[in-house]
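Chain by chain, the residues run as shown.
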Amino acid sequence: MSNVQSSPLEELLDGQTPIVNDFQIMIATVNGSGSQTANTVLLRAMFRMGIPVSGKNIFPSNIQGLPTWYTIRVSKDGYIARREDYNILVAMNRDTIGEDIKYLAPGGICFYPEEWKIREDRDDIVYYAMPVKALVKEAAPDTPSKLVDYVANMVYVGAMTTILNISLDEIAFGLDYHFGGKEKPINMNMAVVRAAYEWAQDNLPKRDPFTVEPMDKTEGMLLLDGNSAGALGSVFGGVQMIAWYPITPSTSMVDAARDYLSKLRQDPETGQATYAVVQAEDEIGAIGMVIGAGWAGARAMTSTSGPGVSLMTEFAGLAYYAEVPAVIWNVQRMGPSTGLPTRTAQGDILSTYFLGHGDTRHIMLFPRDVFEAFECGWKAFDLAERLQTLIFVMSDLELGMNAWMSPPFEYPEVPMDRGKVLDANAVEAAGRFARYEDPDGDGIGYRTLPGTDHPLAGYFARGTGHNPQAVYSERPDDWVENMERLARKFETTRDMVPQPVIDTMDEAEIGIIAYGTTDACVFEARDQLLAEDVKTDYLRLRALPLNDTTRSFIEQHDRVYVVENNFDGQMASIIQMEYPELATRIISLAHSDGLPLAATWLTGAVLEQEQ
Amino acid sequence: MSNVQSSPLEELLDGQTPIVNDFQIMIATVNGSGSQTANTVLLRAMFRMGIPVSGKNIFPSNIQGLPTWYTIRVSKDGYIARREDYNILVAMNRDTIGEDIKYLAPGGICFYPEEWKIREDRDDIVYYAMPVKALVKEAAPDTPSKLVDYVANMVYVGAMTTILNISLDEIAFGLDYHFGGKEKPINMNMAVVRAAYEWAQDNLPKRDPFTVEPMDKTEGMLLLDGNSAGALGSVFGGVQMIAWYPITPSTSMVDAARDYLSKLRQDPETGQATYAVVQAEDEIGAIGMVIGAGWAGARAMTSTSGPGVSLMTEFAGLAYYAEVPAVIWNVQRMGPSTGLPTRTAQGDILSTYFLGHGDTRHIMLFPRDVFEAFECGWKAFDLAERLQTLIFVMSDLELGMNAWMSPPFEYPEVPMDRGKVLDANAVEAAGRFARYEDPDGDGIGYRTLPGTDHPLAGYFARGTGHNPQAVYSERPDDWVENMERLARKFETTRDMVPQPVIDTMDEAEIGIIAYGTTDACVFEARDQLLAEDVKTDYLRLRALPLNDTTRSFIEQHDRVYVVENNFDGQMASIIQMEYPELATRIISLAHSDGLPLAATWLTGAVLEQEQ
Amino acid sequence: MGARVNSLNLSRNDYKALPTTLCKGCGHNSISNQIIAVAYELSLNQHDVIKLSGIGCSSKSPAYFLGRSHGFNALHGRMPAIATGATTVNRNLIAVGVSGDGDTGSIGLGQFKHMVRRNVPVVYIVENNGVYGLTKGQFSATADMGQQLKYAGVNELPPIDICLEALAADASFVARSFAGDAKQVRELLKAAISHKGTAVLDIISPCVTFNNHHTSTKSYDYGKEHQEVLQDLTYIPEYDPILIEEQEPGQVQTVELHDGSHLMLRKLDPEKHDPTDKLAAFRRLEEARLDGQFITGLIYVDEERPTLAETSHLIETPLVHLAEDKLRPPREALEKINNRLACCD
Amino acid sequence: MGARVNSLNLSRNDYKALPTTLCKGCGHNSISNQIIAVAYELSLNQHDVIKLSGIGCSSKSPAYFLGRSHGFNALHGRMPAIATGATTVNRNLIAVGVSGDGDTGSIGLGQFKHMVRRNVPVVYIVENNGVYGLTKGQFSATADMGQQLKYAGVNELPPIDICLEALAADASFVARSFAGDAKQVRELLKAAISHKGTAVLDIISPCVTFNNHHTSTKSYDYGKEHQEVLQDLTYIPEYDPILIEEQEPGQVQTVELHDGSHLMLRKLDPEKHDPTDKLAAFRRLEEARLDGQFITGLIYVDEERPTLAETSHLIETPLVHLAEDKLRPPREALEKINNRLACCD
Ligand SMILES: Cc1ncc(C[n+]2csc(CCOP(=O)(O)OP(=O)(O)O)c2C)c(N)n1
Ligand SMILES: Cc1ncc(C[n+]2csc(CCOP(=O)(O)OP(=O)(O)O)c2C)c(N)n1
Ligand code: SF4
Ligand code: SF4
Ligand SMILES: [Mg+2]
Ligand SMILES: [Mg+2]
């Protein structure tokens, strides 16, 4: 070793063991430049090497030309939450390269296009300059000019494949998968990958500790986004009608549904479909169609985001009060108002719970990952029809639009629960029919469907006050009885919705409650906390309303941290209002800046309180 | 005395002292038959005799032909809450006379048209049959046929005038007032009143104890409905634009506003107006116009009810987040959904507080009576402009459409507070302008109005994420800073909104919290409770958000009853979520059946807990 | 002597429902009566019918006819969406919708037009009285310009024309009628029920309480005096060539409706309005609007335009009749997908 | 040599704002440029202008012009309401609104039509590309029937026609143009700004990312090839009779706009479309729709129709300029009312 003063980087790297399968990559590009292909190919390649990965896209609300970041987390421990730092930067956006490099963790790597000739002025990181233009020209000289930017992204794929020791075969597989076997684009892209790979092999001596090694942790797992998973689940739930209006980040859910439906539920010869997908003129139309369909006996759903839900408010009240089944997916984004369409949040909890004027409370499901998104897809219909009401599935951009690993989806083991529906024979047998009675004591009446061939089967659904026969009534006792029945139904709901999942540690004194995508952050933070000797029990809510499991969990802990990705601590408020006698045990840990929660944030926040 | 067995009525009346100025009248009529004139004339007559009165209309959601009830409460003690029982029935609706008589309190009176020849089969009440047809024919033979039903109501006015000893002069005054001095209708109606009055003097021996006597308890007081008072207050608040869409029970507020505005704010010669009232195509349009006007610098308001508020959800979020001042009156009716348009409730508290997706909380005012409705009318504008946000005035059908006594309205003693607005000179002096900064630390930035003649004055209002310069920003720090400022503003609000009013009793152990029109019920129930030796302290909320006054009030009481006219106990929930450490002290007493709360209900409910 | 019955052995009374709670003399009541009459005459199965409405006096009226049918009293202005959902998932249903001019022309204009554009199969009746009846007499968007009402003041805005709006949205059936012309209402209703897509019936239906002054174009007097009937209409359930041949050539036009029935139009209008000519329909409507004419009859019809069910390529069986095995794809389908998405199969 | 300036001593650059974030080549950008050019040429005071929009790529564009003006980026489809409120309380403002075909034709159709009906003073530009650009390419309500897009599939519904919709709602200024025809856009913009009520400009503005295939009627190629210009337009800030007299008689029509400026129309169309004839405008539009013509130019104008401010009988002074003493009635007024309402005065 030389005895000139070593640089901070050398110090950092000196004698350091390689960092294997445990780092985060940040790929900074320009919106519309087609980096998505490159990124998912990289992601899938490592995934197929058996290494737990997750991919998150941080993109602007525009179509072309603005900064976009894609993070790939590689985690041998299976952590999939966002990491606040990143170790490997692929700097493909000239406008942001300054800031992007600034926040690269010490000891990290920065790939960038050689032709930008930037000053390599951080001495605690490794710079790898790539001759992007030259490589593209050389490897794919015939690329149409409008595809050059697109293909250029393959340069970093190739370079990273070399430097990180990714399997080139898996990259090839990934491209094949992505382009569905279409040879032309596969070959064009692969040529560039290979050129960059080889150039890096020959010219880029490895000066960093990061590397991947095959593992066996993804065997049999899937890689998918939550919108596709939810769509697929809905298809396996037998969805009959989707009415929707485009809005980020929910649009791709309906896209996926249309895609699956056309393959699984359309006669390939006649083109005849057993489903309808209607693009409405707005969200009021969309939910109205869905409610009309649900009333007529179909499994109907819509998918939207905050602004759409706000527009659905009046109809949500109607469905609640007229007791019409339907499913609404709220793929949450940042609010209030138009907010940030391309950023994630869990910010619509309170407003959805109480959506609609008058005394209203809705049922909400909280899938934490794509596996549960699939499950919610079909279960939501069972619940909606059983309970004759709206089911809100509260997804978010983080789940809906990012790439998640998952065990294979499980085929529903129970037949479709169509709820309490009387056909003509049943009405005939009863000799009477009254829509809004409570014969079973669970608050749920029996309904008939339009088209039921019996003179007593008809009824007039309405959002106005009604008696058990569904006839308009202004009588105080009719109103109160009906509200009391609805309250009974809400109680029935508590034990019917997906139950909380509890994970305990020996001698844990504190509890954590979280829901939805925040689970990933809690999962990791609990390990971090354990490392600091803070043991935690964890209850993950899967639905509202709450039930006794949650109550007892809180009773068993003096301090319960409710962790959520919003500003006001909305779920914490709901818990406090539902369990006033336990309210003081609740500590709200809420944060919302558009990004998924990071475990380090949560760990810090809990430690601050506990120490 | 004869020694035949005395009837129950005789027993009841026997030796009983007259019941003076303390009873409730129930007038049962048919919708559209014009009884409103008769009823308000009766009401006003007793009011002018110095006796505290209140009038409540229980009417159907249709135009003609369905049952309607009007109650007049006469209360020497000044109680104005609904009474559950009634002592005097005027049965003018054949369809309901059976039920109406059934619920008449023992010892009561029933006036009814002789020609119906009903069986007088209750022996614990007094029947007074009136020859309605004959009297009308005799007294007003030339009445156009379509007015006969209308004028027929004057028969019960005349008969009651005799029996209850109401001043005939005041009846005459009332008719004059009602018809604005127009001789023809005054004479026609008065002729029938007089005929019935005289007929009763001659033919109707008094067999009951009820009577009125002049008092001095209404000196200088007004008699008015809350919608008119709110409208008037808005006019004195300098309202510049009203955009609205008709909906019961808010419509009459805009009607009244138009009426007052045309007199007070329109040049009688040129017809030129200093205000605009626009009937929008729906509530989305209405609130949009109001927000456009508020942004442009005007005092703008809309008036609506639950379904309208639901439709305004998305725009409410925009105004909240873009920080645009405007005033929304929610004259609440029964919900969920279309519910009961002509019944009262305080059911939109939770949904309004959290109106809009994302982290949103709104400011709400709760007028308890017409005096405060007037006050809210102008104060809401001051608050909206000072705080640059929506102010929701939460009235209800009970306040909006019923007749209330009030001290004279007080002219605003402070000039209009137009809030933090920079004109061109101020911008010039500052040399810069950024819309969403917090120079004063109260969370409120300075705004400029369109038309401000300075090159730096312009800004782009938006519902999307923005930096202090109002430029679109997706930066996490910009988002968080903005939300933190909004939270600061919300804190500022707490001490700026109308403060709670507290009334204590010596040695009271329990507290009561109520708001809005429920005050009348609490006022009376506290006396009833005191009679049972239960002493109460009382805090009346006049606004949300809460502030420390409320916190300390709760701290001072082990048990605090939150009384409200809804099903779910919505304000109780909000208090519990705001003050988790006090949550267990809160006991929700919520009831909602479409009618205003009665003191006997509350007294019973409290006693049940306290004994 | 028993009551007269139709081919289902039902009397006219069997097509009634709850007694009306609308004002005596309200135009809406007479339209309800015509719906009852038509359903009886056509021997409609009530369980095949769904009654839909928004909010308003007009929208209440479905409670007063066809008491055995299912009904949905929706939100103000939002009946089109409910109709779209219900008829899409059950193609067998005959949807009869009743709306008001406020419901359709003000708050519901957008939904209305988009429903028309999709050609959702529904008989869409607008009971048009120029005011908001239920909220006590404000002007609606169809009120006459310059009209004065005691309560509402002067209407300063031009009226929108429901038929023109429908036509601009590519409606496949557009007619105007008058509640005072029971026969025409009935024949149009029959044709509308036989029509396969959206049938828009703009029926002037006087509000006797708030807008029946004879100066109002929405009053009985005005209607009776000014109605210009475009054609004499006869609905023929089964095609009867003899009936047609009896007519003078050139005077009678027949339109075949998609269920095989026909509408026979005997032209009364000198201009011989041809209801299959869209441009003519536009011109006729716009002229009437500019000249203040009150034309009634079939204004436009197109039996070819595909319905939403057709453009959605729906299977013939109503979706709600499909059993679980048609709705939930088989286990193997999921396995295939799992495999395709999997890491390392 | 200094930059060229206008009569306010401002350069064209002074009318710019933030750089666009729309796609390169997007039609919307070229419209923004014409707005900048026109504002510069007319020497508009930017503080007199408010820029309004809904949501969409198009609706973002007000951030890219007139950087010194106030602006309000409203909700999806709801710009009309904001425009109505702002212009009603401040009559002095010149409102320039930018919307998209999804914004106006889908979610916003109802508001749009009611705004038009009220004749709210606003230059209402629809940047019409037949798709939802910002949400990545779904068909909007103005998409061509039968059109196929890779992502969105086949559009089975007929397009709505923004101009026809405006006209049916009694619009007082209706024009259609093409983003590729900068001169026409400019002249129409100038006239629209001088117009006193709602000026609807339906400008075909290609979405180069999602709908610029030459088979689409909303593409550059199609527009260039098929544009049928109704008139050659020249906006004349001040009336110059000489300019007019130079023209061949019968070939030129001038329309006086309410601020005293004029629009000179040299007719190119053989049918000599007269933009002051409403029936003709209807016919022309509907024919174009049926025949698939792409006509551009001034389709209809009526300078007489009163604006909302006029029908509301507003005082000339903008309401927002009124001081407290004009807004809050005096103490005595309240006393009088108190007395009138009082029990026993
Ligand atoms: C969202 C909403 N806004 C307002 C109302 C109040 N409202 C009930 S009916 C009606 C107007 C009905 O007018 P129209 O459709 O013409 O029916 P008509 O009563 O004249 O038959 C209104 C505004 C409501 N029910 N819902
Ligand atoms: C209530 C609501 N629904 C949906 C969206 C999502 N959204 C944003 S822009 C847009 C369509 C814009 O299309 P268009 O008006 O044609 O504008 P373009 O982008 O084509 O210029 C939609 C559906 C939204 N912002 N708000
Ligand atoms: S108010 Fe008018 S529309 Fe309503 S029921 Fe009466 S007459 Fe008919
Ligand atoms: S996506 Fe289309 S409309 Fe949007 S900016 Fe790009 S080209 Fe323009
Ligand atoms: Mg009407
Ligand atoms: Mg578009």
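Preceding block: the structure.
Reference entry: report on the structure contained in this document. (Residues numbered from 1 in each chain as written. Chains lettered and ligands numbered in written order. Predicted model: local features only at pLDDT ≥ 70, side-chain atom pairs only at ≥ 80, totals over all residues. Heavy atoms only, no water.)

**Re the interface of chain A and chain D**
Consideration 1: Counting residues at the interface gives 20 residues for chain A and 23 residues for chain D.
Consideration 2: For the pair chain A and chain D, the summed buried surface comes to about 1,500 Å²; carbon and sulfur atoms form 54% of the total.
Consideration 3: Looking at the side of chain A facing chain D, the largest losses of area belong to Ile63, Gln64 and Tyr245 of chain A, adding up to 35% of the total buried there.
Consideration 4: Our count for the contact surface shared by chain A and chain D stands at 8 residue pairs in polar contact (both at pLDDT 80 or more).
Consideration 5: With 3 residues, the single largest contributor to the side of chain A that touches chain D is helix α9 (residues 251-264) of chain A.
Consideration 6: A per-class count over the side of chain A that touches chain D returns 7 nonpolar, 8 polar and 5 charged. (Contact = heavy atoms within 4.5 Å. Buried area = accessible area lost by both parts, 1.4 Å probe. Polar contact = N/O pair within 3.5 Å; in protein donor to acceptor, adjacent residues only side chain to side chain. Helix = DSSP H or I, 4+ residues; strand = E, 2+ residues; numbered from the N terminus. Nonpolar A, V, L, I, M, F, W, Y, C, P; charged D, E, K, R; others polar.)

**Regarding the coordination of the magnesium ion (ligand 5)**
Residue and element names in this part refer to chain C.
Consideration 1: Asp101 (OD), Asn129 (OD1) and Val131 (O) make up the full set of protein donors to the magnesium ion (ligand 5), lying at 2.1 Å.
Consideration 2: The sequence pattern describing where the donors of the magnesium ion (ligand 5) fall on their chain is D-x27-N-x1-V. Note that Asp101 is positioned in helix α4 (residues 101-107) and Asn129 in the loop between β4 (123-128) and β5 (131-132), a separation of 28 residues in sequence.
Consideration 3: For Asp101, a relative accessible area of 2% corresponds to the buried category. (Donors = N, O, S within 2.8 Å, 3.2 Å for Na, K, Ca; no water. Buried < 20%, exposed > 50% of the residue type's maximum accessible area, 1.4 Å probe, protein only.)

**Section: the sheet that holds strand β19 (residues 510-515) of chain A**
Residue and element names in this part refer to chain A.
Consideration 1: Across the sheet, 5 strands lie side by side as β18-β20-β19-β22-β23; this open sheet has mixed pairing. Each edge of the sheet is formed by a strand with only one pairing partner; in this case those strands are β18 (501-503) and β23 (586-590). Pairwise comparison of adjacent strand axes, ignoring direction, gives a mean angle of 20° for this sheet.
Consideration 2: Lying over the sheet, helix α19 (residues 548-555) contacts β18, β19, β20 (536-541), β22 (559-564) and β23, oriented at roughly 160° with respect to β20. (Pairing = 2+ DSSP bridges. Axes fitted to C-alpha atoms, helices over the stretch in contact; angles between N-to-C directions.)

**So, the site of ligand 3**
Consideration 1: By nearness alone, every residue bordering ligand 3 is listed as Ile63 of chain B together with Leu22, Cys23, Cys26, His28, Cys57, Asn129, Cys207, Val208, Thr209 and Phe210 of chain C.
Consideration 2: At the site occupied by ligand 3, the surrounding residues belong to chains B and C. (Near = heavy atom within 4 Å.)

**Considering unusual backbone geometry**
Consideration 1: The omega angle of the peptide bond from Thr248 of chain B to Pro249 of chain B is 0°, so this bond is cis rather than trans.
Consideration 2: The residue Pro249 of chain B is located in the loop between β10 (241-244) and α9 (251-264) in this model.
Consideration 3: A cis amide bond links Leu544 of chain B with the next residue in sequence, Pro545 of chain B, at an omega value of 5°.
Consideration 4: With respect to the secondary-structure elements, Pro545 of chain B resides in the loop between β22 (543-544) and α19 (548-555).
Consideration 5: Positive phi, normally seen in glycine, also occurs at Asp533 of chain B, with a value near 70°.
Consideration 6: Residue placement: Asp533 of chain B occurs in the loop between α18 (518-531) and β21 (536-541).
Consideration 7: Take Asp533 of chain B: its relative accessible area is 62%, and that puts it in the exposed class.
Consideration 8: The residue Asn9 of chain C is not glycine, and still its phi comes out positive at about 70°.
Consideration 9: Its place among the elements puts Asn9 of chain C in the segment before α1 (27-41).

**Some remarks on the site of ligand 2**
Consideration 1: Taken together, 23 residues sit near ligand 2, with Glu283 of chain A together with Cys57, Ser58, Asp101 and Asp103 of chain D positioned nearest.
Consideration 2: At the site occupied by ligand 2, nearby residues are drawn from chains A, B and D.
Consideration 3: In this structure, an oxygen atom belonging to ligand 2 sits 3.0 Å away from a main-chain N or O atom of Leu134 of chain D.
Consideration 4: When ligand 2 is considered free in solution it has 590 Å² of accessible area, and contact with the protein chains removes 98% of it.
Consideration 5: Put simply, the parts of the chain that give the shell around ligand 2 at least two residues each are α11 (306-311) of chain A together with α2 (57-60), α4 (101-107) and β5 (131-132) of chain D.
Consideration 6: Ranked by residues supplied to the shell around ligand 2, first place goes to α4 of chain D with 3 residues.
Consideration 7: Looking at the shell around ligand 2, its residues break down into 10 nonpolar, 9 polar and 4 charged. (Areas by Shrake-Rupley, 256 points an atom, 1.4 Å probe, with all protein chains shown as cover.)

**What about the environment of Met49 of chain A?**
Consideration 1: Locating Met49 of chain A in the fold gives a position in the loop between α2 (35-48) and β3 (53-58).
Consideration 2: With residues near it in sequence (within four places) discarded, Met49 of chain A still touches Asn165, Ile166, Ser167, Glu170, Val212, Pro214 and Met215 of chain A.

**Considering the coordination of the magnesium ion (ligand 6)**
Residue and element names in this part refer to chain D.
Consideration 1: In this structure, Asp101 (OD), Asn129 (OD1) and Val131 (O) serve as the protein donors to the magnesium ion (ligand 6), at separations of 2.1 Å.
Consideration 2: Coordination of the magnesium ion (ligand 6) draws on donor residues from a single chain, spaced D-x27-N-x1-V in sequence. Pair check on accessibility: Asn129 and Val131 agree, each one buried.

**Description of the packing of aromatic side chains**
Consideration 1: As enumerated under the stated definition, the model contains 42 aromatic pairs over all chains in all.
Consideration 2: Seen from their ring centres, Tyr15 of chain C and Tyr40 of chain C are 6.2 Å apart, and the 70° between their planes marks the pair as edge-to-face. In this pair, Tyr15 of chain C sits in the segment before α1 while Tyr40 of chain C sits in helix α1, placing the two residues 25 residues apart along the sequence. The pair Tyr15 of chain C / Tyr40 of chain C is uniform in exposure class, with both members buried.
Consideration 3: For the pair Phe178 of chain C and Phe294 of chain C, a centre-to-centre distance of 5.9 Å together with 85° between the ring planes defines the contact as edge-to-face. Residue Phe178 of chain C is located in strand β9 (residues 173-178), and its partner Phe294 of chain C is located in strand β15 (residues 294-301); the two are separated by 116 residues in the primary sequence.
Consideration 4: Taken together, the ring pairs connect Tyr353, Phe354 and Phe490 of chain A together with Tyr353, Phe354 and Phe490 of chain B into an aromatic cluster.
Consideration 5: A cation over an aromatic ring shows up here: Arg48 of chain B above the ring of Phe173 of chain B, its NZ or CZ 3.3 Å from the ring centre. (Phe/Tyr/Trp six-rings, centres within 6.5 Å; stacked < 30°, edge-to-face > 60°. Lys NZ or Arg CZ within 6 Å of the ring centre and 35° of its normal.)

**A closer look at the nonpolar core**
Consideration 1: Residues Trp295 of chain A together with Trp295 and Ile575 of chain B are the most contacted members of the largest nonpolar core, which totals 234 residues.
Consideration 2: Excluding its chain neighbours within four sequence positions, the residues that come into contact with Ile575 of chain B are Ile513, Leu541, Leu546, Ile554, Val562 and Ile586 of chain B. (Core = buried A, V, L, I, M, F, W, Y, C linked by side-chain atoms within 4.5 Å.)

**What to know about the sheet that holds strand β2 (residues 70-73) of chain D**
In a beta sheet, neighbouring strands pair by backbone hydrogen bonds and run either parallel or antiparallel.
Consideration 1: Taken in spatial order, the 9 strands line up as β18(B)-β2(D)-β1(D)-β3(D)-β4(D)-β10(D)-β9(D)-β15(D)-β11(D) in an open sheet, and their pairing is mixed. The open sheet is flanked by β18 (460-462) of chain B together with β11 (227-229) of chain D, the only strands paired with a single partner. Strand-to-strand, the axes of this sheet are offset by a mean angle of 20°, without reference to chain direction.
Consideration 2: Helix α10 (residues 283-295) of chain B rests against β18 of chain B together with β1 (49-53) and β2 of chain D of the sheet, and its axis sits at about 155° to β2 of chain D.

**Brief notes about helix α1 (residues 27-41) of chain D**
Residues and elements named next belong to chain D.
Consideration 1: Look at α1: 21 Å from first C-alpha to last across 15 residues, which is about the 21 Å you get at 1.5 Å a residue.
Consideration 2: Counting buried positions along α1 gives 13 out of 15 residues, so the element sits mostly inside the fold.
Consideration 3: Note on α1: the residue one or two positions beyond its end, Ser43, has a positive phi of about 50°. (Expected span 1.5 Å × (residues − 1).)

**Concerning the side chain of Thr493 of chain B**
All names here are of chain B.
Consideration 1: By secondary structure assignment, the location of Thr493 is in helix α17 (residues 476-494).
Consideration 2: Looking at Thr493, the relative accessible area reads 1%, which means it is buried.
Consideration 3: Contacts of Thr493, omitting those with residues within four sequence positions, involve Ile363, Leu387 and Pro545.

**As for empty space enclosed by the protein**
Consideration 1: Considering only enclosed or pocket space, the largest cavity measures out at about 160 Å³ in volume.
Consideration 2: Lining of the largest cavity is provided by 21 residues; of these, Arg78, Ile107 and Gly110 of chain C together with Arg78 and Ile107 of chain D occupy positions nearest its centre.
Consideration 3: Looking at the lining of the largest cavity element by element, the count peaks at 4 residues for helix α5 (residues 109-118) of chain C.
Consideration 4: Among the residues making up the lining of the largest cavity, the classes are represented as 6 nonpolar, 9 polar and 6 charged.
Consideration 5: Considered as a void within the structure, the second largest cavity measures approximately 120 Å³ in volume.
Consideration 6: Around the second largest cavity, the lining is made up of 16 residues, and of these Ile63 of chain A together with Cys23, Cys26, Cys57 and Cys207 of chain D lie nearest the centre. (1 Å grid on protein atoms, 1.4 Å probe; cavity = no way out; pocket = protein on both sides within 12 Å on 5 of 7 lines; lining within 4 Å. Points joined across faces, edges and corners; volume = space filled by probe spheres on them.)

**Points about the interface of chain A and chain C**
Consideration 1: Between chain A and chain C, the contact holds 74 residues from the first and 54 residues from the second.
Consideration 2: Roughly 5,400 Å² is buried in total at the junction of chain A and chain C, and carbon and sulfur atoms are behind 64% of that figure.
Consideration 3: For the pair chain A and chain C, the number of links is 2 salt bridges.
Consideration 4: Among the salt bridges present, the one from Glu281 of chain A reaches Arg118 of chain C, with a minimum N-O distance of 2.9 Å.
Consideration 5: Across the chain A-chain C interface, the total number found is 20 residue pairs in polar contact (both at pLDDT 80 or more).
Consideration 6: With 8 residues, helix α10 (residues 283-295) of chain A is the single largest residue contributor to the side of chain A that touches chain C.
Consideration 7: The residue makeup of the side of chain A that touches chain C, split by class, is 44 nonpolar, 19 polar and 11 charged.
Consideration 8: Sheet topology places strand β17 (residues 460-462) of chain A next to strand β2 (residues 70-73) of chain C; 3 bridges connect them, and they run parallel. Paired with Phe460 of chain A across the bridge in β2 of chain C is Gly71 of chain C. (Salt bridge = Lys/Arg side-chain N within 4 Å of Asp/Glu carboxyl O.)

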